[in-house]
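# Chains, contacts and geometry: an overview
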Amino acid sequence: MAKKINLIIDGIPVTVDEGTTILHAAKQLNIHIPTLCYHDDLCVAGNCRVCVVEMKGARTLPASCAMPVAEGMEIMTNTIKVRTARKHIIELLLSEHNAQCTTCYKNGNCELQSLAAEYKISEPTFIDLVPLKNYQIDAFSPSIIKDDSKCIRCQRCVRTCEELQHVSALGVAYKGDKMKISTFFENPMFEVVCTNCGQCVNRCPTGALVERNYIDEVWDAIYNPDKHVVVQTAPAVRVALGEDLGVPTGEIVTGKMVSALRRLGFDSVLDTDFTADLTIMEEGFELLGRLKKVLVDKDSSVKLPMTTSCSPGWIKFIEHTYPEYLDNVSSCKSPQQMFGALAKTYYAQKRNVDPAKIVSVSIMPCTAKKFEADRPEMRSSGFKDVDYVLTTRELAVMIKQAGIDFGALPESRYDSFMGESSGAAVIFGATGGVMEAALRTAYEVVTGREVPFDGLNITPVRGMEGVREASIKIEQTQGDWKFLEGAVLKTVVAHGLTNAKKVMDAVRAGKGDWHFIEIMACPGGCLGGGGQPIPTSAEIRQKRADAIYREDAGKTIRKSHENPEIVSIYQEFLHEPNSHKSHELLHTHYKERQRY
Amino acid sequence: MPNNFLRRVDLIFDEDCNLKDVLKSTYQRSNDDIINELLESGLKGRGGAGFPTALKWKFTSEQPDADKYIVCNADEGEPGTFKDREILFKVPFKVFGGMAICAKVIGAKEGFLYLRGEYRFLLPELENQLKVFHSALNDLGINFTIKIVMGSGAYICGEESALFESMEGDRGEPRNKPPYPTVSGFRKKPTVINNVETLVYSFMIFRYGARKFKELGTADSRGSKVFSISGDTPKPGIYELELGMTVEQFVEEFGDGDTKAVQVGGASGFCVPRKKFKDTIIGFEGVPTGGSMMLFNSSRSMYNVLKNYLEFFEEESCGQCTPCRVGCQQLKLGIEAVKKGERHAVYLDQLQKLAQTMKITAKCGLGQSVANSFFSIVENFKEEMIY
Ligand SMILES: Cc1cc2nc3c(=O)[nH]c(=O)nc-3n(C[C@H](O)[C@H](O)[C@H](O)COP(=O)(O)O)c2cc1C
Ligand code: SF4
Ligand code: SF4
Ligand code: SF4
Ligand code: SF4
Ligand code: FES
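Here is what the cut-offs are and how they apply
- Residues numbered from 1 in each chain as written.
- Chains lettered and ligands numbered in written order.
- Predicted model: local features only at pLDDT ≥ 70, side-chain atom pairs only at ≥ 80, totals over all residues.
- Heavy atoms only, no water.
- Helix = DSSP H or I, 4+ residues; strand = E, 2+ residues; numbered from the N terminus.
- Buried < 20%, exposed > 50% of the residue type's maximum accessible area, 1.4 Å probe, protein only.
- Areas by Shrake-Rupley, 256 points an atom, 1.4 Å probe, with all protein chains shown as cover.
- Lys, Arg positive; Asp, Glu negative; His and termini not counted.
- Charge placed at Lys NZ, Arg CZ, Asp CG, Glu CD.
- Rg over C-alpha atoms; globule rule 2.2 N^0.38 Å.
- Near = heavy atom within 4 Å.
- Nonpolar A, V, L, I, M, F, W, Y, C, P; charged D, E, K, R; others polar.
- Contact = heavy atoms within 4.5 Å.
- Buried area = accessible area lost by both parts, 1.4 Å probe.
- Salt bridge = Lys/Arg side-chain N within 4 Å of Asp/Glu carboxyl O.
- Pairing = 2+ DSSP bridges.
- Right-handed = clockwise from strand over helix to strand, strands pointing away.
- Axes fitted to C-alpha atoms, helices over the stretch in contact; angles between N-to-C directions.
- Domains from an automatic or database assignment.
- Phe/Tyr/Trp six-rings, centres within 6.5 Å; stacked < 30°, edge-to-face > 60°.
- Lys NZ or Arg CZ within 6 Å of the ring centre and 35° of its normal.
- Arc of directions from axis to C-beta.

On a plain count of helices and strands, chain A comes out with 18 helices and 17 strands. Projected onto its principal axes, the C-alpha positions of chain A cover 80 × 60 × 50 Å. In chain A, which comprises 596 residues, the proportion classed as buried is 63%. A total of about 22400 Å² of accessible surface is found on chain A, and carbon and sulfur atoms cover 51% of it. Between the averaged position of the 69 positive side-chain charges in chain A and that of its 75 negative side-chain charges there is a distance of 3 Å.

It is worth spelling out the overall build of chain B at this point. In terms of regular secondary structure, chain B is built from 15 helices and nine strands. Relative to the 2.2 N^0.38 estimate, which gives 21 Å for 387 residues, the radius of gyration of chain B is 21 Å and therefore close to what a compact globule would have. Seen through its principal axes, chain B has C-alpha atoms that stretch 70 × 50 × 35 Å. Here chain B holds 387 residues, and 61% of them are scored as buried. Accessible surface, chain B as shown: approximately 14500 Å² in total, 49% of it carbon and sulfur.

What follows is about unusual backbone geometry. Residue and element names in this part refer to chain A. Put simply, S416 and F417 share a cis peptide bond, and its omega is 0°. Of note, F417 is situated in the loop between α12 (392-401) and α13 (423-426). Unlike most non-glycine residues, M418 shows phi in positive territory, near 65°. Mapped onto the elements of the fold, M418 is located in the loop between α12 and α13. One non-glycine residue, L456, adopts positive backbone phi at about 65°. Structurally, the position occupied by L456 is in the loop between α14 (433-447) and β15 (467-473). Note on L456: relative accessible area 8%, which makes it buried.

Before going further, it helps to examine the site of ligand 3. Around ligand 3, a shell composed of A:I144, A:C161, A:V167, A:A169, A:L170, A:C194, A:T195, A:N196, A:C197, A:G198 and A:C200 is seen. Residue classes in the shell around ligand 3 are distributed as eight nonpolar, three polar and no charged.

Attention now moves to the interface of chain B and chain A. Between chain B and chain A, the contact holds 36 residues from the first and 37 residues from the second. Summed over both partners, the interface of chain B with chain A buries about 2900 Å², with 56% contributed by carbon and sulfur atoms. For the pair chain B and chain A, the number of links is two salt bridges. Its salt-bridge partner being A:E96, residue B:R325 comes within 2.6 Å of it at the nearest N-O pair.

We now examine the pairing of strand β10 (residues 228-233) of chain A. Residue and element names in this part refer to chain A. Across the six residues of β10, six count as buried, placing the element largely inside the fold. The two faces of β10 match: H228, V230 and Q232 on one face and V229, V231 and T233 on the other face are all buried. Of the strand pairs in this sheet, β10 and strand β13 (residues 358-364) are connected by six bridges, and their pairing is parallel. Among the inter-strand pairings, T233 is bridged to a residue of β13, identified as I363. Running through helix α7 (residues 254-264), the crossover from β10 to the neighbouring parallel element strand β11 (residues 268-271) is right-handed.

Right, let's get into the sheet that holds strand β4 (residues 191-195) of chain B. All names here are of chain B. Judged by pairing direction, the sheet is parallel, and its four strands sit side by side in the order β3-β2-β1-β4 without closing on themselves. The sheet is open, and its two edges are formed by β3 (145-150) and β4, each paired on a single side. Between one strand axis and the next, the sheet turns by 20° as a mean value, whatever way the strands run. The sheet contact formed by strand β1 (residues 69-74) and strand β2 (residues 110-115) spans six bridges and is parallel. In the strand pairing of β2, A74 is matched with L115.

Moving on, we get to the sheet that holds strand β17 (residues 516-520) of chain A. Residue and element names in this part refer to chain A. On the basis of which strands lie adjacent, the open sheet formed by four strands has the order β12-β17-β16-β15 and mixed pairing. Sheet topology places β12 (306-307) and β15 at the edges, where each strand pairs with a single neighbour. As paired strands, β15 and strand β16 (residues 488-495) are joined by seven bridges and run antiparallel to one another. Bridge pairing in β16 links A470 to T491. On the sheet, helix α15 (residues 497-508) packs against β15, β16 and β17 and is oriented at approximately 145° with respect to β16.

Residue and element names in this part refer to chain A. Covered by surrounding structure in strand β1 (residues 4-9) are I5, L7 and I9 only, the residues K4, N6 and I8 on the alternate face being uncovered. Across six bridges, β1 lies against strand β2 (residues 12-17) in antiparallel orientation. Residue pairing for β2: N6 is matched across the bridge by T15. Pairing analysis gives two bridges linking β1 to strand β4 (residues 74-76), with the strands arranged parallel. Within β4, the position partnered with I8 by the bridge is E74.

Applying the stated criterion to the full structure yields 69 salt bridges over all chains. Each member of the salt-bridge network shares a partner with another, and the members are A:E436, A:R440, A:R462, A:D552 and A:R558.

Let us look at the domain arrangement of chain B. Reports of interface size often rely on the accessible area that becomes lost once the parts have come together. All names here are of chain B. Assigned domains of chain B: these are domain 1 (19-214) and domain 2 (302-386). One C-alpha centre belongs to domain 1, the other to domain 2, and the line joining them spans 33 Å. Contact residues are listed per partner, giving 12 residues for domain 1 and eight residues for domain 2. Across the domain 1 to domain 2 interface the summed buried area is about 870 Å²; carbon plus sulfur atoms make up 65%. When the buried area of domain 1 at its contact with domain 2 is split by residue, Y155, I156 and P174 rank highest and sum to 51% of it.

A word on the domain arrangement of chain A. Annotation of chain A at the domain level lists domain 1 (4-78), domain 2 (103-211), domain 3 (215-274 + 336-408) and domain 4 (281-333 + 421-586). Just the C-alpha atoms count here: the centres of domain 1 of chain A and domain 3 of chain A sit 44 Å apart.

For the rest of this paragraph, the subject is the side chain of B:T26. By the secondary structure assignment, B:T26 is in helix α1 (residues 19-27). Those residues in contact with B:T26 that sit more than four places away from it in its chain are B:I34, B:I101, B:K104 and B:F206.

Residues and elements named next belong to chain A. Summarising the element assignment, L164 is placed in helix α4 (residues 156-164). The class for L164 is buried, based on a relative accessible area of 16%. For the pair L164 and L288, spaced 124 residues apart in the sequence, the C-alpha separation amounts to 32 Å. Residues within four places of L164 in sequence aside, it is in contact with D41, L42, R159, R203, G496, L497, T498 and P523.

To continue, consider the packing of aromatic side chains. The final tally for this structure, using the stated rule, is 20 aromatic pairs over all chains. Taking 6.4 Å as the distance between ring centres and 75° as the angle between the ring planes, the aromatic pair formed by B:Y119 and B:F121 counts as edge-to-face. A residue is classified by how much of its surface remains accessible, and B:F121, at 54% relative accessible area, is exposed. With 5.5 Å between their ring centres and 65° between their planes, B:F312 and B:F313 make a pair best called edge-to-face. The class of B:F313 is buried, set by a relative accessible area of 0%. An aromatic cluster is built from A:Y346, A:Y347, A:F417 and A:F573, whose rings are joined through pairwise contacts. Sitting over the face of the ring of B:Y27, B:K104 holds its NZ or CZ atom 5.8 Å from the ring centroid. Lying over the aromatic face of B:F254, B:K235 brings its terminal NZ or CZ to 5.4 Å of the ring centre.

We now examine helix α6 (residues 215-223) of chain A. Residue and element names in this part refer to chain A. When we look at burial in α6, the residues that qualify are I215, V218, W219, A221 and I222. End-on, the buried residues of α6 take up no more than an arc of 160°, which puts them together on one face. Away from its buried face by more than 90 degrees, α6 exposes D216, D220 and Y223. Considering only its buried residues, α6 is in contact with β10, α7, β13, β14 (388-391) and α12.

Okay, here's the thing in structure tokens:
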């Protein structure tokens with residue numbers, strides 16, 4: 001047990017574990033200390049200095065986020081010295097900041113703005129530095145816009161990209177007055193190793209890193225009477241959207257979200273969960289097929305372990321970092337892109353709509369999906385399969401713009417077809433979910449029995465541990481799958497690209513003998529995606545995950561292959577998993593990208 | 001008036017000592033004994049902060065880690081300082097010797113000398129001297145090696161934690177403290193980091209004994225110190241002087257008869273105006289200095305002097321923390337605006353308040369010490385700032 005430390009904050013004695021910072025000790029007393037560079041998910045930087053406090057006996061004001069408690073310490077968080085210093089620091093930040101809040105995308109959800117409001121910063125005290133700086137806006141990427149004039153140099157983005165993602169696309173360049181956040185050779189984000197995951201966007205306290213939004217484009221499509229606008233919603237959106245609309249964290253808002261989308265004017269409100277189920281069919285059979293080719297046919301051109309392919313951040317990461325393993329990536333497109341390809345083919349035919357008139361919109365927890373939708377590989381319907389990708393946050397903005405009282409909305413159901421889903425699709429939103437969903441189906445295909453886990457809950461692949469391994473013994477096989485009799489299927493799950501790197505390095509070193517690897521670029525999986533409501537923290541991710549597993553448990557259909565709409569699409573359109581038609585529409589292959 | 005205090009000393013450059021003899025006799029002593037002798041000498045760090053050297057060694061020796069390091073800080077970037085260069089040029093073996101003694105006390109097998117990028121020309125000879133040193137250690141059966149690491153030319157890399165970052169291949173940005181280097185330094189291991197001069201004095205204390213050192217100086221500032229003297233002086237250069245003199249005594253010796261101010265301690269130090277020469281002691285009881293002494297005569301504009309310093313800080317700040325990165329820019333632009341009449345003279349009061357905030361909130365010594373020259377110049381030469 002940790003040693004206990006006694007200290008006094010604002011006259012109140014408190015006892016905390018050794019190693020606790022003053023910031024956290026104060027929190028235990030419900031004393032709020034403002035912060036900017038601090039973030040729960042990241043190592044402590046201590047560079048903004050707004051969290052300074054007064055410490056008895058000290059010459060300087062320590063940064064409370066970086067200062068560990070000590071026995072007998074006396075801290076004052078609200079003295080004239082502290083207040084003056086914090087006000088100065090905020091004023092300094094504003095003096096180098098292009099503070100045009102009224103036209104800023106983060107207006108209303110900006111930590112700098114709130115702090116300025118809290119400290120009632122009015123007349124600028126100091127000289128405006130903005131005209132002296134050669135601030136640049138990088139708006140080349142389809143996913144992310146970087147505006148240096150809104151940057152407070154807190155380095156949250158740098159730490160995110162390095163610690164959580166091991167990408168280090170963003171770094172600090174120059175020093176002194178020229179110090180800035182930059183990419184390799186100051187190239188646009190679009191041209192560097194950035195995976196578009198948006199984790200930095202999710203942690204940026206200001207408007208310096210934001211998603212490229214397509215709100216107006218989507219409104220235009222909705223208002224255009226010639227267009228048939230189809231919307232799909234990713235599994236993780238429904239467990240987080242409420243956070244931006246006044247609903248408590250961890251509450252699922254599927255029914256209200258569907259009502260809201262209808263009210264916004266979408267012609268058809270459908271579910272990415274449907275194609276998540278479809279992904280499981282395609283990817284599950286692909287895995288079984290690969291096992292057969294490797295184990296029975298001894299086909300050396302077929303690669304194992306197979307990795308998942310539904311996270312576009314992960315795809316770009318492997319293209320840059322482990323291109324020699326691209327053949328190990330499942331050829332399945334992500335559920336978003338499967339949906340897009342079907343919207344302008346299967347859906348168009350069945351609904352008798354001209355695919356040229358369909359505008360396909362997706363609501364995603366993700367900024368990388370914007371980039372994915374723009375990829376040249378994603379036009380197999382003959383059109384751009386997905387026209388616009390909106391993040392969860394952008395959808396919340398649209399709902400507010402439409403004057404909808406979200407909390408008061410009735411619940412409603414998705415349109416059919418391509419609106420039905422199983423519990424297996426729901427859990428796609430959490431790390432380990434794809435693995436669990438795939439195992440539920442694959443095991444049953446091979447053995448004719450349900451996975452041997454209580455209530456179909458494959459708990460070893462659940463949780464927030466960065467890398468989790470699980471194996472499952474296959475017995476009493478049937479039919480074509482007899483070759484798997486007695487085999488132990490070994491799997492591993494990783495989330496956050498730093499953890500993905502651990503797994504891939506093990507594979508490269510010949511240390512992991514896994515068959516199937518699930519990787520999600522974002523911490524926690526899609527529920528912690530870069531497009532999710534801000535803030536996101538470990539605690540919030542956990543609440544969203546709990547919601548996901550609650551939803552799964554409550555579903556009558558829990559397995560992808562039992563989704564009746566899945567059964568029909570194979571009967572009517574695709575014939576069987578990995579069929580010729582499937583390959584045409586639902587599968588693809590990725591190519592190596594340079595690291596620099 | 002006879003200048004009866006200013007005493008030249010010859011410890012640092014004194015050649016009358018044998019590396020092997022000093023190491024041999026010192027290595028026979030117990031660590032406690034060595035620390036006590038160093039403690040008795042009263043030696044304080046010569047790199048600027050003036051931390052008692054014995055305590056630094058003691059704290060590091062008490063850490064349980066197997067790997068520990070001794071790092072010699074030879075980044076010497078403070079404007080107007082060039083004494084470490086002279087020491088490394090003339091008596092590098094004493095620096096190495098000091099490191100070897102420290103290594104014994106703390107239990108380090110490896111030492112590093114972080115050499116200022118601009119001093120690359122010293123490298124070949126230092127490497128030669130290192131070879132001689134390592135073979136001497138070999139003869140004595142001492143298991144300790146020193147490597148030289150080249151700095152990148154940034155002033156901030158002289159700050160100890162930024163120096164470690166730089167040595168580890170990262171951007172030279174100061175770390176949060178605590179933990180201090182004695183607990184977590186190079187490679188996050190307990191590390192003693194000392195200035196070049198500190199290490200030489202440590203070595204000389206074991207050559208001559210703490211007594212001889214302690215006899216020099218004052219209660220707060222024991223011993224002597226090497227000064228880099230520059231500016232409006234007929235005799236610029238390197239001088240080893242006993243600590244405890246007043247600025248007046250110093251100016252009598254080194255001034256050109258028209259000295260109006262002395263900047264003690266470089267850009268991050270204090271400006272002493274003529275009216276305070278008499279009462280200001282050079283040392284920890286008055287104005288401390290890492291060694292830089294710059295004299296200004298009445299032909300100099302103190303506005304320009306301050307502006308130069310601020311330009312230096314504006315550029316040399318690592319840029320990570322708000323008070324320093326933005327504060328330096330504001331101070332510089334602020335005095336310019338007042339001088340040009342774009343802002344009223346009362347804006348100087350605002351700037352002083354800002355400098356005060358920088359002093360207490362900046363993350364490292366650089367941002368914290370900008371206020372030193374800012375206050376001492378603005379307060380003492382206000383008219384020059386305005387007109
Ligand atoms: C901005 C900055 C620059 C510094 N540069 C140097 C330097 O060049 N040389 C040096 O010895 N100490 C420098 N220091 C002080 C070191 O951080 C450290 O205190 C010193 O090396 C400790 O050695 P000492 O105890 O022997 O004085 C600098 C400090 C700051 C804040
Ligand atoms: S980043 Fe924040 S403070 Fe800056 S303009 Fe945008 S909303 Fe305003
Ligand atoms: S989007 Fe992801 S990969 Fe790109 S810079 Fe941000 S954190 Fe790094
Ligand atoms: S881009 Fe955002 S997160 Fe990165 S340093 Fe600037 S303000 Fe901080
Ligand atoms: S005070 Fe200046 S040099 Fe030191 S950490 Fe802050 S910005 Fe960097
Ligand atoms: S929040 Fe503590 S220094 Fe930024």
